[in-house]
Amino acid sequence: MSFQILSGQLLVGLINGSFYALLSLGFAVIFGLLGIINVAQGTFYMLGAFGSWMLLNYAGVGYWPALILSPAIAAVVGMALEKTLIARVYKLDHIYGLLLTYGLMMFIQGIFVYWFATAGRPYPVPLDLRGGFDLGFLFLPKYRAWVVLASFVFCFGTWFAIEKTSLGRTLRAATENPQLTRAFGINVPALLTFGFGAGVALAGFAGVLAAPIYSVSPLMGGELVITVFAVVLVGGMGSILGSIVTGLSLGVIEGLTKVFFPEASNTVIFVIMAIVLLVRPAGLFGRRA
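About the cut-offs
- Residues numbered from 1 in each chain as written.
- Predicted model: local features only at pLDDT ≥ 70, side-chain atom pairs only at ≥ 80, totals over all residues.
- Heavy atoms only, no water.
- Phe/Tyr/Trp six-rings, centres within 6.5 Å; stacked < 30°, edge-to-face > 60°.
- Helix = DSSP H or I, 4+ residues; strand = E, 2+ residues; numbered from the N terminus.
- Buried < 20%, exposed > 50% of the residue type's maximum accessible area, 1.4 Å probe, protein only.
- Contact = heavy atoms within 4.5 Å.
- Polar contact = N/O pair within 3.5 Å; in protein donor to acceptor, adjacent residues only side chain to side chain.
- Expected span 1.5 Å × (residues − 1).
- 1 Å grid on protein atoms, 1.4 Å probe; cavity = no way out; pocket = protein on both sides within 12 Å on 5 of 7 lines; lining within 4 Å.
- Points joined across faces, edges and corners; volume = space filled by probe spheres on them.
- Nonpolar A, V, L, I, M, F, W, Y, C, P; charged D, E, K, R; others polar.
- Core = buried A, V, L, I, M, F, W, Y, C linked by side-chain atoms within 4.5 Å.
- Patch = residues over 30% accessible without salt bridge, like charges linked within 9 Å, V, L, I, M, F, W, Y side chains within 5 Å.
- Areas by Shrake-Rupley, 256 points an atom, 1.4 Å probe, with all protein chains shown as cover.
- Salt bridge = Lys/Arg side-chain N within 4 Å of Asp/Glu carboxyl O.
- Lys, Arg positive; Asp, Glu negative; His and termini not counted.
- pLDDT = per-residue confidence, 0-100.

1. Here we look at the packing of aromatic side chains
Taken as a whole and judged by the stated rule, the model has 17 aromatic pairs. Ring geometry for phenylalanine 154 versus phenylalanine 205: centroids 4.0 Å apart, planes at 25 degrees, classification stacked. Taken together, the residues span a long stretch of sequence, with phenylalanine 154 in helix α5 (residues 142-164) and phenylalanine 205 in helix α8 (residues 188-210) at a distance of 51 residues. Exposure remark for phenylalanine 154: the relative accessible area of 38% places this residue in the partly exposed category. The class of phenylalanine 205 is buried, set by a relative accessible area of 4%. Taken together, the ring pairs connect Phe50, Trp53, Tyr58, Phe112, Trp115 and Phe116 into an aromatic cluster.

2. Let's talk about the environment of serine 243
Mapped onto the elements, serine 243 comes out in helix α10 (residues 240-260). Judged by relative accessible area, serine 243 falls into the buried class, the value being 1%. For the pair formed by serine 243 and glycine 207, sequence separation is 36 residues and the distance between their alpha carbons is 18 Å. Beyond its immediate stretch of four places on either side in the chain, serine 243 contacts Ala21, Ser24, Leu25, Ala28 and Val231. One polar contact links the side chain of serine 243 to the main-chain carbonyl oxygen of serine 239, over a distance of 2.9 Å.

3. Observations regarding α10
Taking 1.5 Å of rise per residue, 21 residues should cover 30 Å, and α10 covers 31 Å from first to last C-alpha, within 8% of that figure. The opening residue of α10 is serine 239, an N-cap whose side-chain oxygen sits 3.0 Å from the backbone nitrogen of glycine 242.

4. Thoughts on the layout of surface pockets
Considering only enclosed or pocket space, the second largest pocket measures out at about 440 Å³ in volume. The wall of the second largest pocket is formed by 23 residues, among which Tyr90, Lys91, Pro178, Val188 and Leu192 lie closest to the centre. Residue assignment for the lining of the second largest pocket shows that the elements contributing at least two residues are α1 (3-34), α3 (63-84), α4 (94-116), α6 (166-176), α7 (178-183) and α8. Among the elements that take part in the lining of the second largest pocket, α8 stands out by supplying four residues, more than any other. Residues of the lining of the second largest pocket, tallied by class, amount to 12 nonpolar, six polar and five charged.

5. A closer look at unusual backbone geometry
Residue alanine 117 is not a glycine yet carries a positive backbone phi of 60 degrees. With respect to the element layout, alanine 117 can be found in the loop between α4 and β1 (132-134).

6. Description of the nonpolar core
Counting 84 residues, the largest nonpolar core has Phe19, Phe44, Tyr45 and Leu209 as the members making the most contacts within it. With 15 residues, the top contributor of residues to this core is α1. Sequence-distant contacts of tyrosine 45, that is, excluding residues within four places in its chain, are made with Leu23, Ala203, Gly204, Ala206, Gly207, Ala210, Tyr214, Met220, Gly221 and Leu224.

7. What about a nonpolar patch on the surface?
Judged by side-chain polarity, Phe152, Phe156, Leu241, Val245, Leu284 and Phe285 come together as a nonpolar surface patch covering roughly 470 Å² of accessible area. Listed by contribution, the elements that provide at least two residues to the nonpolar patch are α5 and α10. Along the polypeptide, phenylalanine 156 turns up in helix α5.

8. Quick word on the side chain of threonine 227
Along the chain, the position of threonine 227 falls in helix α9 (residues 220-235). Not counting the four nearest positions on each side in its chain, threonine 227 is found in contact with Tyr20, Ile269 and Phe270.

9. Notes on the side chain of glutamate 82
Locating glutamate 82 in the fold gives a position in helix α3. No salt bridge is formed by the buried glutamate 82, whose closest oppositely charged neighbour, lysine 83, lies at an N-O distance of 5.4 Å. At 2.4 Å, the side chain of glutamate 82 forms a polar contact with the side chain of tyrosine 90. Sequence-distant contacts of glutamate 82, defined by excluding residues within four places in its chain, comprise Leu34, Ala87, Tyr90, Leu192, Thr193 and Phe196.

10. Let's talk about the environment of methionine 273
By the secondary structure assignment, methionine 273 is in helix α11 (residues 268-279). With 92 residues separating them along the chain, methionine 273 and threonine 181 place their C-alpha atoms 36 Å apart. Setting aside residues up to four positions removed in sequence, methionine 273 forms contacts with Ala230, Leu233 and Val234.

11. Examining the confidence of the model for the chain
Low-pLDDT portions of the prediction should not be read for the details of their coordinates. For the chain, the average pLDDT comes to 89, and 98% of its residues sit at 70 or higher. Across the chain, α3 holds the top mean pLDDT of 96, while α7 sits lowest at 74.

Shown next as structure tokens:
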């Protein structure tokens, strides 16, 4: 096997891992702060991709503004849903949040299928990110390099914001002891809404990054959310760092599996999930109850 083929699959795996990391990070943020198993995370990924496509085709807004606007739109939609529906199940068992977000996923996806059918729509790579770098053993497209770099920056930036800043400490306090947090004059419901919006904005950001690589389709989020859920379970539910490391690692492992054992590439993440749950039910980075 040539080193060029191996390097190419490693790059593909790293790109997929970048999307897994962003989506599972948003999933972990929402579960860690709100206790909601947000199955609709893939839907907000689709909204981010479709938002960039619609901004370009209906409003003439290019890639770089869409990289900010589309996740912001996804966040606004998410916060509206949190205020009107999701906030009502915070005190109930986790299964209610799971079923509610699953219903939201099917409803929103159904609307987009009705409007746009299921055919994929292309989104052009921005002009300044076309072409690539010839590394000798590998041709590295500029856009794919940008996707990996952007996901690294946003993932670890989010981890730093939640773990190392006063805002992150306030968010954690609002979820762990809301009554004491209210005593300090902090609007806890607004903080929770902001936390949910931040989690779905990460999915929307991933969708914009994915639009020039994959076809923009109403089904793109539903196809990915099961894999992301497996990544979250391996990393540990609610673990920020676990979601980042596990998402990137499993993407690379999946890419290597396509080289050495292609038949298992679609199931290797779920096999790893089963093994990890047998050995460590809380996940690699999760806390034991």
